[in-house]
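Take a look at the letters that make up each chain.
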Amino acid sequence: MRFVAVQEPPGSSWAVFDAGNGVPAEYAGRVLIGLTWREARWFVAMGNDHTGWPQYSRPVAQLRLVGAGGPI
């Protein structure tokens, strides 16, 4: 699994991170932090299930990595 949900301190919100390097994920211009458990699970499921994504002829929003200096 590439994306994982991580509970943020003090334990009330969640974030989605890349499991390989610990960088927060981004979706449609939103860094995936401060999420509810349900939102985090949804983003993790969508990010990890590439085979379930429909194929589009135009670009669509997808999970991508962001670093301290901006998108990677």
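Cut-offs and rules
Residues numbered from 1 in each chain as written. Predicted model: local features only at pLDDT ≥ 70, side-chain atom pairs only at ≥ 80, totals over all residues. Heavy atoms only, no water. Salt bridge = Lys/Arg side-chain N within 4 Å of Asp/Glu carboxyl O. Helix = DSSP H or I, 4+ residues; strand = E, 2+ residues; numbered from the N terminus. Buried < 20%, exposed > 50% of the residue type's maximum accessible area, 1.4 Å probe, protein only. Pairing = 2+ DSSP bridges. Core = buried A, V, L, I, M, F, W, Y, C linked by side-chain atoms within 4.5 Å. Contact = heavy atoms within 4.5 Å. pLDDT = per-residue confidence, 0-100. Phe/Tyr/Trp six-rings, centres within 6.5 Å; stacked < 30°, edge-to-face > 60°.

K.L.:
I keep staring at the pattern of salt bridges and nothing clicks. Help me out?
P.N.:
Pairing between side chains of opposite charge can happen when their charged atoms approach one another. On inspection of all chains with the given rule, the structure shows one salt bridge. Close ionic contact of arginine 2 with aspartate 18 constitutes a salt bridge, the shortest N to O distance being 2.9 Å. Here aspartate 18 lies in strand S2 (residues 13-18) and arginine 2 lies in the segment before strand S1 (3-8), a separation of 16 residues in the sequence. By relative accessible area, which is 8% here, aspartate 18 ends up buried.

K.L.:
Would you explain the pairing of S2 in this entry?
P.N.:
Consecutive side chains along a regular strand alternate between the two faces of the sheet. Burial runs high along S2: five of the six residues are buried. Between S1 and S2, which pair antiparallel in sequence order, lie four residues; one of them, glycine 11, sits at a positive phi of approximately 115°.

K.L.:
In this structure, what is going on with unusual backbone geometry? I would like to understand it.
P.N.:
Peptide bonds are mostly trans, and most non-glycine residues show a negative phi. A cis geometry characterises the amide bond from proline 9 onward to proline 10, with omega recorded as 0°. Tracing the chain through its elements places proline 10 in the loop between S1 and S2. Phi angles above zero are rare outside glycine, and alanine 28 is one such case at about 50°. Looking at the element boundaries, alanine 28 is found in the loop between strand S3 (25-27) and strand S4 (30-31). Residue class for alanine 28 comes out exposed when judged on its relative accessible area of 60%.

K.L.:
Help me understand the nonpolar core, please; the structure alone is not making it clear to me.
P.N.:
Inside soluble globular proteins, nonpolar side chains tend to come together where they are buried. Membership of the largest hydrophobic core is limited to nine residues, which are Phe3, Trp14, Val16, Ala25, Leu32, Leu35, Ala40, Phe43 and Val44. Those elements giving two or more residues to this core turn out to be S2 and helix H1 (37-48). Top element by residues in this core is H1. It accounts for three residues. Not counting residues up to four positions away in its chain, the partners in contact with leucine 35 are Ser13, Trp14, Val16, Arg30, Ala40 and Phe43.

K.L.:
I would appreciate a short explanation of the confidence of the model for the protein chain in the present structure.
P.N.:
Should the pLDDT be low somewhere, the predicted coordinates at that spot are not to be read in detail. Considering every residue of the protein chain, the mean pLDDT works out to 79; 68% of them sit at 70 or more. The lowest-confidence element of the protein chain is strand S6 (residues 70-71), averaging 52 in pLDDT; the highest-confidence one is S2, averaging 93.

K.L.:
In this structure, what is going on with the packing of aromatic side chains? I would like to understand it.
P.N.:
The description of an aromatic ring pair uses the distance of the two centres, along with the angle that the planes make with each other. Counted by the stated rule, this structure contains four aromatic pairs. Consider the rings of tryptophan 14 and tryptophan 37, whose centres lie 4.5 Å apart with planes at 45°: the pair is tilted. Residue tryptophan 14 is found in strand S2, and its partner tryptophan 37 is found in helix H1; the two are separated by 23 residues along the sequence. Arranged with centres 6.3 Å apart and planes meeting at 85°, the rings of tyrosine 27 and tryptophan 42 form a pair that is edge-to-face. Taken as a pair, tyrosine 27 in strand S3 and tryptophan 42 in helix H1 lie far apart in primary sequence, 15 residues in all.

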